[in-house]
Amino acid sequence: MDFLGLYLSIPFCRSKCTYCNFASGVFPAAYHERYVARLEEDLRRIRTRARQWSAALPDAADSIYLGGGTPTLLSPALIRRLFTALRREFAITPTAEITVECAPGQLPPDALDALAEAGVNRISFGVQSFIDSEARQTGRLHTRATALEDIARVWAAGIRGISVDLIAGLPGQAHESWFESLGVLTETGVDHASVYMLEVDDESRLGREMLLGGARYHAQQVPDDDQIAEMYTEAIGVLAGCGLAQYEISNFARRGHESRHNLKYWRREPYLGFGLDAHSMLRSRDGAALRFATTDDLEAYLAGPVWAEGPRVLSREEELEEAWFLGLRLNEGVSVAALREEFSPVALRNCQETVAELEADGLLQRIDTDRIALTPRGRLLSNEVFARFLAEPALT
Ligand code: SF4
């Protein structure tokens, strides 16, 4: 039986981080109520939409994820409304993983109480750096002390699951400060961490400064690609040494604490995304993947209608591509037997040449008689690997 993952995008931030190009921004609080009302409406409508699209929509969900953005900028009353709406439309399993993203220093006591009351059992903290100057330079509003206090407050509120995000490659970051951030993270004893290599989007403020010059966002202090790759590799070793094993390119967990919600994306299990710039994947009644998304324009989203264009039905070729490049993100890799069963022996034979080339290049490896995974070097060059699977010949 399939369980859904439910994602709610809350695109409100107190300040815009210099490297960020998500569909999030600093909007007046007057938007909050309208936005929540829109989400409630979308939740009410999804079953009708799914019927119109002949999509299979599981009744029950075993993961909820509120991200964005900074969901805790919503008032406790609005947070309660969202969870009431979610529970009205879906049967949430008793052991569901319920995660909320938080920016350290932006978790007021009444918001934390509202999250605990709503059954939230996991907080993902966007720390990015435990070095105060690095955090400040990228527009984060916290210090190491506030981040550590917030972690302790969350545990004291009875929410046991905590993930901490760090970014390798922030302006001004050096090996010493990177090790210091990793050391603080591991001392906290959290059960999950995400480590991202900085990828600066040209449209972010930092990206524009890197292209056009300037000193406001410290673009000239961004470490080079080799340094960032070294930091990432160092993180894998440090975190493994503390029991946080890598299970995905950017994700690390103690055994049993992997993010159930995010695993759905990589394993191509059904999920629904609500709110601004939110993506969804359901299966049609005959098993094809249906993908659909909302606009990234806040005014257009609030005005509706959402999902006006309907879903895109993936071809078998596209599904096979996804099976490779999503599955390879995971350290467990891709099961060739499972792909052969889902697609066809011929389709798999068509991929053999690509796999062999990538193995010869040291980017893919066999981890047992069935599974193929990225090598450590392949993880550093994952986009290049994934692109090679996008040019596969047609299925027969
Ligand atoms: S808090 Fe997150 S979503 Fe908001 S600006 Fe910073 S990185 Fe972007």
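Note that the structure is a prediction, hence the values are computed from the model and not measured.

Peer 1: Explain the overall build of the chain here, please?
Peer 2: Looking only at helices and strands, the chain has 15 helices and 16 strands in total. In terms of C-alpha radius of gyration, the chain reaches 21 Å, essentially the compact-globule figure of 21 Å for 396 residues. A principal-axis box enclosing the C-alpha atoms of the chain has dimensions of 55 × 50 × 45 Å. Expressed as a percentage of the 396 residues in the chain, the buried residues total 54%. In the chain, the proportion of contacts linking residues at least 24 apart, taken out of those at least 6 apart, comes to 70%. About 17000 Å² of surface is accessible on the chain, with carbon and sulfur atoms providing 51% of the total.

Peer 1: What is the right way to look at the pairing of strand β10 (residues 271–274) in this model?
Peer 2: Side-chain direction in a regular strand flips from residue to residue, so the side chains alternate between the two faces of the sheet. Where burial is concerned, the two faces of β10 agree: the one with Tyr271 and Gly273 and the one with Leu272 and Phe274 are both buried. The pairing of strand β1 (residues 4–10) with β10 spans four bridges and is parallel. For tyrosine 7, the partnering residue across the bridge sits in β10 and is glycine 273.

Peer 1: Can you help me understand the sheet that holds strand β14 (residues 334–335) in this one?
Peer 2: Note: strands within a sheet are paired through backbone hydrogen bonds, in either parallel or antiparallel orientation. Pairing within the open sheet is antiparallel, and its three strands lie in the order β14-β16-β15. The open sheet terminates on both sides in strands that have one partner only, identified here as β14 and β15 (364–366).

Peer 1: So what exactly am I meant to see when it comes to the packing of aromatic side chains here?
Peer 2: For any pair of aromatic rings, the description consists of the separation of the ring centres together with the inter-plane angle of the planes. Inspection of the entire model under this criterion finds 13 aromatic pairs. Look at phenylalanine 12 and phenylalanine 27: their rings are 6.1 Å apart centre to centre, the planes differ by 85°, and that puts the pair in the edge-to-face class. With phenylalanine 12 in the loop between β1 and α1 (30–52) and phenylalanine 27 in the loop between β1 and α1, this pair connects stretches of sequence that are 15 residues apart. Under the relative-accessibility criterion, phenylalanine 12 is labelled buried at 1%.

Peer 1: Sorry, what's going on with the side chain of serine 344 here?
Peer 2: Within the secondary structure, serine 344 sits in the loop between α12 (336–342) and α13 (345–360). Reaching out from serine 344, the side chain makes a polar contact with the backbone nitrogen of alanine 347 at a distance of 3.0 Å.

Peer 1: Any chance you could explain the packing of helix α2 (residues 76–89) against helix α3 (residues 109–117) here in plain terms?
Peer 2: Packed helix pairs are characterised by how far apart their axes lie and by the angle those axes make with each other. Between α2 and α3, the shortest axis-to-axis distance is 9 Å and the interhelical angle comes to 15°. Between α2 and α3, the crossing angle belongs to the class labelled roughly parallel. Seen from above, α2 lies across α3 with right-handed handedness. Here Pro76, Ile79 and Arg80 of α2 come into contact with α3, specifically with Asp110, Ala111, Ala114, Leu115 and Glu117. Split by residue class, the contact of α2 with α3 holds five nonpolar, no polar and three charged.

Peer 1: Explain the side chain of aspartate 150 here, please?
Peer 2: Its place among the elements puts aspartate 150 in helix α5 (residues 144–156). Look at aspartate 150 and you get buried, because its relative accessible area is 5%. When neighbours within four sequence positions are excluded, aspartate 150 is seen to be in contact with Pro104, Gly105, Gln106, Leu107 and Phe125.

Peer 1: What am I meant to see in α2 here?
Peer 2: Since the α-helix packs 3.6 residues into each turn, any two residues three or four apart lie on the same face. For α2, with 14 residues, the first-to-last C-alpha span of 20 Å sits near the 20 Å given by 1.5 Å per residue. Turning to α2, its buried residues are Pro76, Leu78, Ile79, Leu82, Phe83, Ala85, Leu86 and Glu89. The inward-facing, buried residues of α2 abut β1, α1, β3 (60–68), β4 (91–102) and α3.

Peer 1: Can you walk me through the domain arrangement of the chain in this structure?
Peer 2: Often the size quoted for an interface is simply the accessible area lost on bringing the parts together. Per the domain assignment, the segments making up the chain are domain 1 (4–264) and domain 2 (315–396). Put simply, the middle of domain 1 and the middle of domain 2, counted by C-alpha atoms, are 29 Å apart. Contact residues are listed per partner, giving 11 residues for domain 1 and nine residues for domain 2. Between domain 1 and domain 2, roughly 790 Å² of surface is buried when both sides are summed, and carbon and sulfur atoms account for 58% of that area. Broken down residue by residue, the surface that domain 1 buries against domain 2 is led by Gln246, Glu248 and Ile249, which jointly contribute 54%.

Peer 1: Just to check I follow, could you spell out the environment of arginine 80 for this structure?
Peer 2: With respect to the helices and strands, arginine 80 occurs in helix α2. Spatially, the C-alpha atoms of arginine 80 and glutamate 117 are 8.6 Å apart, while their sequence positions differ by 37 residues. When sequence neighbours within four positions are dropped, the list of residues in contact with arginine 80 reads Ala114 and Glu117.

Peer 1: What exactly am I supposed to notice about the pattern of salt bridges here?
Peer 2: Close approach of charged atoms lets side chains of opposite charge pair. Following the criterion strictly, the structure yields 24 salt bridges and no others. Where aspartate 62 meets arginine 260, a salt bridge forms, and the shortest distance between an N and an O atom there is 3.9 Å. Linking aspartate 62 in strand β3 with arginine 260 in helix α9 (residues 260–267), this pair joins segments that are 198 residues apart in sequence. The class of aspartate 62 is buried, set by a relative accessible area of 11%. Taking relative accessible area as the criterion, arginine 260 reaches 30% and is therefore assigned partly exposed. A salt bridge links arginine 144 to glutamate 180, with the nearest nitrogen and oxygen atoms 2.5 Å apart. Here arginine 144, found in helix α5, pairs with glutamate 180, found in helix α6 (residues 175–188); they are 36 residues apart in sequence, far enough to count as distant. Residues joined in a network through salt bridges with shared partners are Arg268, Arg283, Arg316, Glu319 and Glu342.

Definitions and cut-offs
- Counting from 1, residues in each chain are numbered in the order their sequence is written.
- Local features in this predicted model are restricted to residues whose pLDDT is 70 or higher, and side-chain atom pairs enter the listing and the counts only when it is 80 or higher, whereas totals over whole chains, interfaces and linings include all residues.
- Only heavy atoms go into the side-chain values, all of them from the structure, while hydrogens and water stay out.
- Comment: elements are numbered from the N terminus, with helices defined as DSSP H or I runs of at least four residues and strands as E runs of at least two.
- Only C-alpha atoms enter the radius of gyration, while the globule expectation follows 2.2 Å times N to the 0.38, with N the number of residues.
- In this scheme, a residue with accessible area under 20% of its type's maximum is buried, one over 50% is exposed, and one in between is partly exposed, where area comes from a 1.4 Å probe on protein chains only.
- When checking whether two residues touch, look at their non-hydrogen atoms; a contact exists if any pair is within 4.5 Å.
- Note on areas: Shrake-Rupley, 1.4 Å probe, and residue coverage restricted to the protein chains presented here.
- Criterion used throughout: strands pair if DSSP finds at least two bridges between them.
- Put simply, two rings from Phe, Tyr or Trp (the six-membered ring, in Trp's case) pair if the centres are within 6.5 Å, and we call them stacked under 30 degrees between planes, edge-to-face over 60, tilted for the rest.
- Pairing of N or O atoms within 3.5 Å defines a polar contact, subject to two protein rules: one partner must be a possible hydrogen donor and the other a possible acceptor, and residues neighboring in sequence count only if both atoms are side-chain atoms.
- Lines fitted to C-alpha atoms define the axes, with helix axes restricted to the stretch in contact, and inter-axis angles between N-to-C directions lie between 0 and 180 degrees.
- The labels follow the angle: roughly parallel below 35 degrees, roughly antiparallel above 145, roughly perpendicular from 65 to 115, and oblique for the rest.
- Here a crossing is taken to be left-handed if its near helix is turned anticlockwise relative to the far helix by less than a right angle, and right-handed if that turn runs clockwise.
- Ten residues, namely Ala, Val, Leu, Ile, Met, Phe, Trp, Tyr, Cys and Pro, are considered nonpolar, four, namely Asp, Glu, Lys and Arg, are considered charged, and the remaining ones, Gly among them, are considered polar.
- Working rule for helices: expected span equals 1.5 Å times residues minus one.
- Where each domain begins and ends follows an automated or database-derived domain assignment.
- Each of two parts loses accessible area, computed with a 1.4 Å probe, when they are put together; buried area is these two losses added.
- Whenever a carboxyl oxygen of Asp or Glu lies within 4 Å of a side-chain nitrogen of Lys or Arg, that contact is scored as a salt bridge.

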